[in-house]
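# Chain and residue survey
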Amino acid sequence: MAESPTILKVRDLRVSYHTYAGEVKAVRGVSFDVERGRAIAIVGESGCGKSVTAKAIMGLIKGPQGEIKQGSEILYNGENILDYTSKQWQAYRGDDCAIIFQDALAALNPTMRVGKQIMENLIAHRHMSKDEAKAEAIEMLRRVGIPEPEKRFKQYPHQFSGGMRQRVMIAIAFACDPDLLICDEPTTALDVTIQSQILDIIKDLQREHDTSVIMITHDLGVVANIAQTIAVMYSGVIVERGTSEDIFYRARHPYTWALIESVPRLDLKNKQELASIPGMPPDLLNPPAGCPFSTRCKYCMAICKEKMPAFTDFGNGHTAACWLHHPMAPKVDMPDHDSPTTVAPAAEAASAATDGAPTEKEVSR
Ligand code: SF4
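Residues numbered from 1 in each chain as written. Predicted model: local features only at pLDDT ≥ 70, side-chain atom pairs only at ≥ 80, totals over all residues. Heavy atoms only, no water.

### Section: empty space enclosed by the protein
In this structure the tally under the stated criterion is two cavities of 30 Å³ or more. If you add up the space inside the largest cavity, you get close to 90 Å³. Residues belonging to the lining of the largest cavity are distributed by class as follows: 13 nonpolar, two polar and no charged. (1 Å grid on protein atoms, 1.4 Å probe; cavity = no way out; pocket = protein on both sides within 12 Å on 5 of 7 lines; lining within 4 Å. Points joined across faces, edges and corners; volume = space filled by probe spheres on them. Nonpolar A, V, L, I, M, F, W, Y, C, P; charged D, E, K, R; others polar.)

### Things to note about the site of the ligand
Taken together, the residues surrounding the ligand are His253, Pro254, Cys291, Ser294, Cys297, Tyr299, Cys300, Cys304, Pro309, Cys322, Trp323 and Leu324. The site holding the ligand turns out to be the largest cavity. Within the shell around the ligand, the residues separate by chemical class into 10 nonpolar, two polar and no charged. (Near = heavy atom within 4 Å. Sits in = over half its atoms within 2 Å of the grid points.)

### Observations concerning the pairing of strand 7 (residues 97-100)
The two faces of strand 7 match: Cys97 and Ile99 on one face and Ala98 and Ile100 on the other face are all buried. Judged from the four bridges that link them, strand 7 and strand 8 (residues 180-184) form a sheet pairing that is parallel. When the bridges of strand 8 are listed, Ile99 appears paired with Ile182. (Buried < 20%, exposed > 50% of the residue type's maximum accessible area, 1.4 Å probe, protein only. Helix = DSSP H or I, 4+ residues; strand = E, 2+ residues; numbered from the N terminus. Pairing = 2+ DSSP bridges.)

### Let's talk about the layout of surface pockets
The volume enclosed by the largest pocket comes to roughly 560 Å³. Every residue lining the largest pocket is counted, 20 residues in all, and those nearest its centre are Gln195, Asp219, Leu220, Gly221 and Val222. When contributions to the lining of the largest pocket are tallied by element, the ones reaching two or more residues are helix 8 (192-209) and helix 9 (220-223). Residue contributions to the lining of the largest pocket peak at six residues, all from helix 8. Among the residues making up the lining of the largest pocket, the classes are represented as eight nonpolar, eight polar and four charged.

### A few points about the environment of Ala104
Looking at the secondary structure, you find Ala104 in helix 3 (residues 104-107). Between the C-alpha atoms of Ala104 and Gly162, which are 58 residues apart in sequence, the distance is 7.5 Å. Leaving out residues up to four positions away in the same chain, Ala104 has contacts with Arg165, Gln166 and Met169. (Contact = heavy atoms within 4.5 Å.)

### Some points on the packing of aromatic side chains
Inspection of the entire model under this criterion finds eight aromatic pairs. Look at Tyr84 and Tyr92: their rings are 5.9 Å apart centre to centre, the planes differ by 70°, and that puts the pair in the edge-to-face class. Classification of Tyr84 as buried rests on a relative accessible area of 15%. Site record: aromatic cluster; members linked through ring pairs are Tyr76, Tyr84, Trp89 and Tyr92. Of note, Arg152 hangs over the ring of Phe160, and the distance from its end group to the ring centre comes to 4.5 Å. (Phe/Tyr/Trp six-rings, centres within 6.5 Å; stacked < 30°, edge-to-face > 60°. Lys NZ or Arg CZ within 6 Å of the ring centre and 35° of its normal.)

### Notes on helix 4 (residues 114-126)
Helix length check: helix 4, at 13 residues, gives a terminal C-alpha distance of 18 Å against a target of 18 Å (1.5 Å per residue), a fit within 8%. Every buried residue of helix 4 is accounted for by Val114, Gly115, Gln117, Ile118, Met119, Asn121 and Leu122. Along its buried surface, helix 4 packs onto helix 5 (130-143), helix 6 (149-152) and helix 7 (162-175). Directly after helix 4, the chain includes His127, whose backbone phi takes a positive value near 55°. (Expected span 1.5 Å × (residues − 1).)

### A short note on the pattern of salt bridges
Per the stated rule, a full pass over the model turns up 13 salt bridges. A salt bridge links Glu245 to Arg250, with the nearest nitrogen and oxygen atoms 3.9 Å apart. Asp246 serves as the salt-bridge partner of Arg250, at 2.8 Å between the closest nitrogen and oxygen. Classification of Asp246 as buried rests on a relative accessible area of 7%. Connected through shared salt-bridge partners, Glu23, Glu67 and Lys69 make up one network. (Salt bridge = Lys/Arg side-chain N within 4 Å of Asp/Glu carboxyl O.)

### Quick notes on unusual backbone geometry
Following Gly63, the chain continues into Pro64 via a peptide bond in cis, with omega recorded as 5°. Phi angles above zero are rare outside glycine, and His127 is one such case at about 55°. Position of His127 among the secondary structure elements: in the loop between helix 4 and helix 5. We note that Glu185 has phi near 50°; this positive angle belongs to a residue other than glycine. Inspection of the secondary structure assignment puts Glu185 in the loop between strand 8 and helix 8. Glu185 sits in the buried class, given a relative accessible area of 8%.

Listed below in structure tokens is the structure:
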């Protein structure tokens, strides 16, 4: 039977944390697909639920505080991994899926030489002999750009700089030859030059190994050259998704516009004023009934505070959840992110007009 082009399907994922203050609804109905051999980026501010989503895919949501709600599905090659036994989880985490964390120092074993940490994965998951694993581990250190790999092989994590440790993490992750790799803010703690080198290494290895990648980041600038698809998350929900081109040049959600305006552009040199988004995200102990961005959005209308907008489909998988695309909403000028356009009530916007659609009064500011 032909392999499905989709390796992972996340459907209506809902994750809560139970705290003394009450139930924090960290992820509230997230759905997306990861295509085989391609990269999707999940982008949003700190606390938007992107890392919790990654943890759920890695089976790292632990009770009693963490809870994945009934009805959530994470389908890996068609199987709901949320039904896995602990033995299946162990095999999945080693052979199928790997993760690179932001804090490599915390993720590496401080008492074990880095070479041995890579070798362990090669022996366990690629069934190599010790000699084969040693030769391959040295080759992997060379491949991720670590100079003098034979010497570095014998050193401990504290003897490496932050960027070098992240390269070791990449070597460990690819040593398993995973089908799916999650990169959770892999470059956040690094300076800009090192960031770009690390992203290039991930991109090259992804192509060589035909790995599917989920790139989690707060920085839209990081994903421009690596991800074919982008999902923008805010306050536990995805508010817009589309191809990288759609998100960078034809974004349809005010939160995405704000994110784009906060990314420095080389072509504008010193002429660009970097925007920050005033206000705070809503408290996820009591998430708002309507659009989660309504407290910070300059286009907010009466309906926005009352009802969550449905997704409007702009074609080619590009969707955004915003009342501005309702046929009765006022037209607004979209920010100029290259080719200025106006948000027009597109024909597809009819899909936003679900049951309980707003009145003309509700959609006027
Ligand atoms: Fe702004 Fe309303 Fe759109 Fe939310 S639904 S982003 S508040 S215009």
